[in-house]
Amino acid sequence: MTDEAESRVDGGADTERRAGDPEPADPDAGAGRPDAGDGGFGDDAPSFGDLSLPQRVFVAAVQNPTRGVVIVGLLAFGFSFYVAFWLVFPRIAAFMSAIGAVLVAIVALVYLISDRLSG
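Residues numbered from 1 in each chain as written. Predicted model: local features only at pLDDT ≥ 70, side-chain atom pairs only at ≥ 80, totals over all residues. Heavy atoms only, no water.

**Focus on the overall build of the protein chain**
In terms of helices and strands, the protein chain carries four helices and zero strands. Listing every helix and strand of the protein chain by position from the N terminus yields α-α-α-α. (Helix = DSSP H or I, 4+ residues; strand = E, 2+ residues; numbered from the N terminus.)

What follows is the structure in structure tokens.
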């Protein structure tokens, strides 16, 4: 709306209101609101605990993309050191990788057992 349309004196404005008049009904007022019943979440919004791990990672990345970029950069930096470790000390790197694989398997087993016991 321009200043010219607001300052018309001929009474040709789109809607004329006086002080104390109720607000006119706006047909688009409820559009896009979560509680409007038009497909928004409303009270049915999932809690963060109901999300899977990839969904949680996506939500965290959307909320703070800079942190996601820094984490990806740090992972790439660490992976480059892992590759360099394999190139310089292959036997030690193989032994450490085997230990790491056993530890990851133990953690996964504990996770699966605790998930079955709690569910």
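**Remarks on the packing of aromatic side chains**
Tallying each qualifying case throughout the model produces three aromatic pairs. Seen in terms of ring centroids, phenylalanine 77 and phenylalanine 81 are 5.0 Å apart; in terms of plane orientation they differ by 75 degrees. Their pairing is edge-to-face. Here phenylalanine 77 pairs with phenylalanine 81, and both are found in helix α3 (residues 65-88), just four residues apart, close to one helical turn. (Phe/Tyr/Trp six-rings, centres within 6.5 Å; stacked < 30°, edge-to-face > 60°.)

**Let's talk about the packing of α3 against helix α4 (residues 90-118)**
It is the contact of α3 with α4, at a shortest axis distance of 5 Å, that shows an interaxial angle of 130 degrees. Comparing their axes, α4 and α3 come out oblique. Along its contact with α3, which presents Tyr82, Phe85, Trp86, Leu87 and Val88, the element α4 presents Pro90, Ile92, Ala93, Ala94, Met96 and Ser97. (Axes fitted to C-alpha atoms, helices over the stretch in contact; angles between N-to-C directions. Parallel < 35°, antiparallel > 145°, perpendicular 65-115°, else oblique. Contact = heavy atoms within 4.5 Å.)

**Describing the confidence of the model for the protein chain**
With 64% of its residues at a pLDDT of 70 or more, the protein chain has an overall mean of 78. Considering each helix and strand of the protein chain separately, the mean pLDDT is smallest for helix α1 (residues 3-6), with a value of 55, and largest for α4, with 95. (pLDDT = per-residue confidence, 0-100.)

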